[in-house]
Amino acid sequence: SGGLLMNGSVAAFLGFDRVLTEEERRKISNYLAPIYGLKIGHLAALGDSITAGGGSVANPWPNQLNTSLGPLWDAKNFAVSGKRADQVFSEQWAALNTGAYRRGFNFIAVLAGINDIRAFKETSAQVINDLQTLYDRVLTAGDNNRLIALPLLPNKGDNGYDTDRQTKIDEV
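All values reported here derive from a predicted model rather than from experimental measurement.

Peer 1: I'd like a description of the nonpolar core, backed by residues and values.
Peer 2: Generally speaking, nonpolar side chains in soluble globular proteins are found buried as a group. Counting residues in hydrophobic clusters, the biggest one holds 20 residues, and the most contacted among them are Leu46, Ile108, Val110, Leu131 and Leu134. For this core, the element with the highest residue contribution is helix α8 (residues 124-140), accounting for 5 residues. Listed in part, the 6 residues of the second largest apolar core include Leu43, Ala45, Trp61 and Leu111.

Here it is in structure tokens:
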């Protein structure tokens, strides 16, 4: 029944030296957060419309994370619809002012690349290159950044589905 390992200082303070179960994590979160205003995880979400929400995405995944992880975690959504992978860092990182590290985010989640294939008809090799550049820039922009690189979502069932597009997605 997995759980989340609390960061070192909080875990040591609470006396935990193991991965907490989901039930234990929720009990601690529900007890400590209102009393101390303590947060152990700060996640910045970067990406395109799948992350930003709107249109057919009524409840974007960063909002769902805030709901499911409880009050000790905070996910902020910096994504912008319609962006390509090569635009995510330059435009959305600027929205974080001086970078996620200085704003206190210790996790940076990126879900990007589908617009590169869908709207701009880039090759899978170009998308892979742009995503790798994006990931490298996130990792080198701060000492404390932990990258969560999310895979492209399947295209089947989407408007305009075709096997060529799905093949590119699968290659990425």
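Peer 1: Tell me about the pattern of salt bridges, and please be specific about residues and values.
Peer 2: Applying the stated criterion to the full structure yields 3 salt bridges. Of the charged contacts, one joins Asp74 and Lys76 as a salt bridge, the two residues approaching to 3.7 Å between their closest N and O atoms. Here Asp74 falls in the buried class, since its relative accessible area comes to 17%. With relative accessibility at 38%, the residue Lys76 sits in the partly exposed group. Asp86 is the salt-bridge partner of Arg84, the closest N and O atoms lying 3.0 Å from each other. Owing to a relative accessible area of 18%, Arg84 belongs among the buried residues under this scheme.

Peer 1: Give a description of the side chain of Gln92 that names residues and reports values.
Peer 2: Its place among the elements puts Gln92 in helix α5 (residues 85-95). Engagement of the side chain of Gln92 in a polar contact is seen with the backbone oxygen of Gly47, the distance being 2.7 Å. For Gln92, the residues in contact, after removing those within four places along its chain, are Leu46, Gly47, Phe78, Ala79, Val80, Lys83 and Gln87.

Peer 1: Tell me what's going on with the sheet that holds strand β4 (residues 146-149), and back it up with residues and numbers.
Peer 2: Pairing is parallel across the open sheet formed by 4 strands, whose spatial order is β2-β1-β3-β4. The open sheet has two free edges, formed respectively by β2 (73-77) and β4, since each of these has just one partner strand. Sheet twist, expressed as the mean angle between neighbouring strand axes with direction ignored, is 20°. Lying on the sheet, helix α4 (residues 61-69) is in contact with β1 (41-47), β2 and β3 (107-111); it crosses β2 at an angle near 170°. α8 rests against β3 and β4 of the sheet, and its axis sits at about 155° to β4.

Peer 1: Tell me what's going on with a negative patch on the surface, and back it up with residues and numbers.
Peer 2: Taken together, Asp162, Asp164, Asp170 and Glu171 make up a surface patch of like negative charges. With respect to the element layout, Asp170 can be found in helix α9 (residues 163-171).

Criteria and thresholds
- Residues numbered from 1 in each chain as written.
- Predicted model: local features only at pLDDT ≥ 70, side-chain atom pairs only at ≥ 80, totals over all residues.
- Heavy atoms only, no water.
- Core = buried A, V, L, I, M, F, W, Y, C linked by side-chain atoms within 4.5 Å.
- Buried < 20%, exposed > 50% of the residue type's maximum accessible area, 1.4 Å probe, protein only.
- Helix = DSSP H or I, 4+ residues; strand = E, 2+ residues; numbered from the N terminus.
- Salt bridge = Lys/Arg side-chain N within 4 Å of Asp/Glu carboxyl O.
- Polar contact = N/O pair within 3.5 Å; in protein donor to acceptor, adjacent residues only side chain to side chain.
- Contact = heavy atoms within 4.5 Å.
- Pairing = 2+ DSSP bridges.
- Axes fitted to C-alpha atoms, helices over the stretch in contact; angles between N-to-C directions.
- Patch = residues over 30% accessible without salt bridge, like charges linked within 9 Å, V, L, I, M, F, W, Y side chains within 5 Å.
- Areas by Shrake-Rupley, 256 points an atom, 1.4 Å probe, with all protein chains shown as cover.
- Lys, Arg positive; Asp, Glu negative; His and termini not counted.
- Charge placed at Lys NZ, Arg CZ, Asp CG, Glu CD.

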